[in-house]
Amino acid sequence: MDLTSALRQLPPDPRVLVSGNHATPWHTLGLVDAGLDSYRLWALNGQRGLPDREGVVLETSFVGPGMRRSPRLSYVPSRLSLVPLLLGTAQVPDLVVVHTTRPRGGKVSLGIEVNVLPAAIDAVRRRGGLVVAQVNDRLPWTFGDAEVDLDLIDVLVEADEPLPVPAHAPIDETAARIGALVAERVPDGATLQAGIGAVPDATMHGLVDRRGLRVWTEMFSDSVLALEKAGALDRSTPLAASFLFGSEELMEWVDGNERVRMMRTEIANDPARISANPSMVSVNTALQVDLFGQANASRISARIHSGFGGQTDFVVGALHSPGGQALIALRSWHPRADVSTIVPMVEEPVTSFQMSAVVTEQGVAEMFGRDQTAQATNLIEHAAHPDVRDELREEGVELGLLPGLG
């Protein structure tokens, strides 16, 4: 069967699920878009370049830059750990388009993006739908849930494409300070949820002298490779992740590397499995944190900006881990909006709460196990920017969190 024949078999206005994040098979997606007048395009953290035209509805549970502010966006709130359930029930795809390696031994590898794709393939096969794979020789072969039996794929489309690489984000003084404060809390033998960006990179730079570190995360990038080079990682324990994004050097390192085990989302983001890791240190960020210890990481002016993602999964999992910590790390002052990120009460829907501590360049506000007065006081004195502390104290009194000033 070829792609044209496959598209003819689809029902009217089909749901097409495509590899998201930084593994979109652009060539094949372009062919699908040209072959369908109308369809629903489901992508997780869809990047710029997704078809966004009349006739296309953009569906997701985590909004990426290729969907953000689109009038055709259909956002379905869901914790990332529950998206596989969503795809098997309320939003079953008719066509799944994945990005894979060339077949080897009756299998292909999903390479850098596993995530919800195995669940989507399971769901579409149960429905009797189709799976199309774009074969790209530039994708690294990764193991674990990345490996897919070739007989689950109906159409192979050969198209080599370069993989995107992260833009270099210099670590400024503020990010370096936050990263150093986070790193101070990470002991030898801890398990890391590693992200990408200036603060996670700064944190990793501060961990090169640790030993026996483990990785259990949604994604990792070059900062984990830096820890490997420094001898900081426990080489007897696999590095567990659900998707990857990084340099050509990182891709070469993970290619055929049996220590890197790619996991499907319902495993990677299962709070119970996360909690089974020793000293799990989860580092996430937010747009705002309020004096009640509530974090908004999803919405700006009530409009969806991203989604729950895995933050709620990892906050819960890390808190239940023996010796675990769930940290929210952010700048005390938002440079573009020119406002404090520590606020009296978030005006947007809450993404997560009950973190271990909030870390800014001002310091560390201990949260878990403190009463509400101590939490609010710690946020004001140790995390908030000095320019807003007096105002926050006044608001704290009005909210009944702090004793009266008179």
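These numbers come from a predicted model, not from an experiment.

Caption draft 1: Up close: helix α6 (residues 198–205). For α6, the buried fraction is high: 6 of the 8 residues fall into the buried class. All of the buried residues along α6 are Ala198, Val199, Pro200, Ala202, Thr203 and Met204. Buried residues belonging to α6 abut α5 (173–183), β11 (191–193), α7 (222–229) and β22 (325–329).

Caption draft 2: Up close: the sheet that holds strand β18 (residues 288–290). The mixed open sheet is built from 4 strands, whose spatial order is β25-β18-β19-β26. Two strands in the sheet have a free side with no partner beyond their single neighbour: β25 (342–343) and β26 (352–353). Direction of pairing for β18 relative to strand β19 (residues 294–296): antiparallel, over a ladder of 2 bridges. Note on β19: the bridge partner recorded for Val289 is Ala295.

Caption draft 3: A look at empty space enclosed by the protein. The full count for this structure, using the stated rule, is 1 cavity of 30 Å³ or more. Quantified by volume, the largest cavity comes out at close to 30 Å³. Forming the walls of the largest cavity are Leu17, Val18, Gly20, Trp42, Ala43, Leu44, Glu113, Asn115, Val116 and Leu117. A class-by-class count of the residues in the lining of the largest cavity yields 7 nonpolar, 2 polar and 1 charged.

Caption draft 4: Representation of the layout of surface pockets in the model. Of the voids in this model, the second largest pocket is the one considered here, and its volume is about 450 Å³. In this structure, the second largest pocket is lined by 20 residues; those nearest its centre are Pro166, His168, Asp201, Ser221 and Asp222. For the lining of the second largest pocket, the secondary-structure elements that each account for two or more residues are α6 and α7. Counting residues per element, the lining of the second largest pocket draws most heavily on α7, at 5 residues. Residues belonging to the lining of the second largest pocket are distributed by class as follows: 10 nonpolar, 6 polar and 4 charged.

Caption draft 5: Seen up close, the sheet that holds strand β14 (residues 239–241). Sheet architecture is open: 3 strands sit in the order β8-β16-β14, paired in parallel fashion. Every other strand in the sheet has two partners, leaving β8 (143–144) and β14 as the edge strands with one partner each. Two strands pair when backbone bridges link them, and β14 and strand β16 (residues 260–262) are joined in this way by 3 bridges, in the parallel orientation. For Leu239, the partnering residue across the bridge sits in β16 and is Val260.

Caption draft 6: Structural detail: the environment of Leu250. Along the chain, Leu250 turns up in helix α8 (residues 248–254). Along the chain, Leu250 and Val224 lie 26 residues apart, while their C-alpha atoms are 9.1 Å from each other. Leaving out residues up to four positions away in the same chain, Leu250 has contacts with Phe220, Ser221, Asp222, Leu225 and Phe245.

Caption draft 7: Quick look at the nonpolar core. The biggest cluster of nonpolar side chains holds 60 residues, and the ones touching the most others in it are Val96, Leu207, Leu213, Phe220 and Leu227. For this core, the element with the highest residue contribution is α5, accounting for 5 residues. Those residues within four positions of Leu207 in sequence are excluded, and the remaining contacts are Ala183, Val186, Leu192, Leu213, Leu227 and Ala232. Among the nonpolar cores identified, the runner-up in size contains 25 residues, and Val18, Leu29, Leu95 and Val97 belong to it.

Caption draft 8: A look at the pattern of salt bridges. Per the counting criterion, the structure on display carries 23 salt bridges. One salt bridge in this structure joins Arg72 and Glu54, with 3.1 Å as the shortest N-O distance. Taken as a pair, Arg72 in the loop between β3 (56–60) and β4 (73–75) and Glu54 in the loop between β2 (39–42) and β3 lie far apart in primary sequence, 18 residues in all. A residue is classified by how much of its surface remains accessible, and Glu54, at 62% relative accessible area, is exposed.

Criteria and thresholds
- Residues numbered from 1 in each chain as written.
- Predicted model: local features only at pLDDT ≥ 70, side-chain atom pairs only at ≥ 80, totals over all residues.
- Heavy atoms only, no water.
- Buried < 20%, exposed > 50% of the residue type's maximum accessible area, 1.4 Å probe, protein only.
- Helix = DSSP H or I, 4+ residues; strand = E, 2+ residues; numbered from the N terminus.
- Contact = heavy atoms within 4.5 Å.
- Pairing = 2+ DSSP bridges.
- 1 Å grid on protein atoms, 1.4 Å probe; cavity = no way out; pocket = protein on both sides within 12 Å on 5 of 7 lines; lining within 4 Å.
- Points joined across faces, edges and corners; volume = space filled by probe spheres on them.
- Nonpolar A, V, L, I, M, F, W, Y, C, P; charged D, E, K, R; others polar.
- Core = buried A, V, L, I, M, F, W, Y, C linked by side-chain atoms within 4.5 Å.
- Salt bridge = Lys/Arg side-chain N within 4 Å of Asp/Glu carboxyl O.

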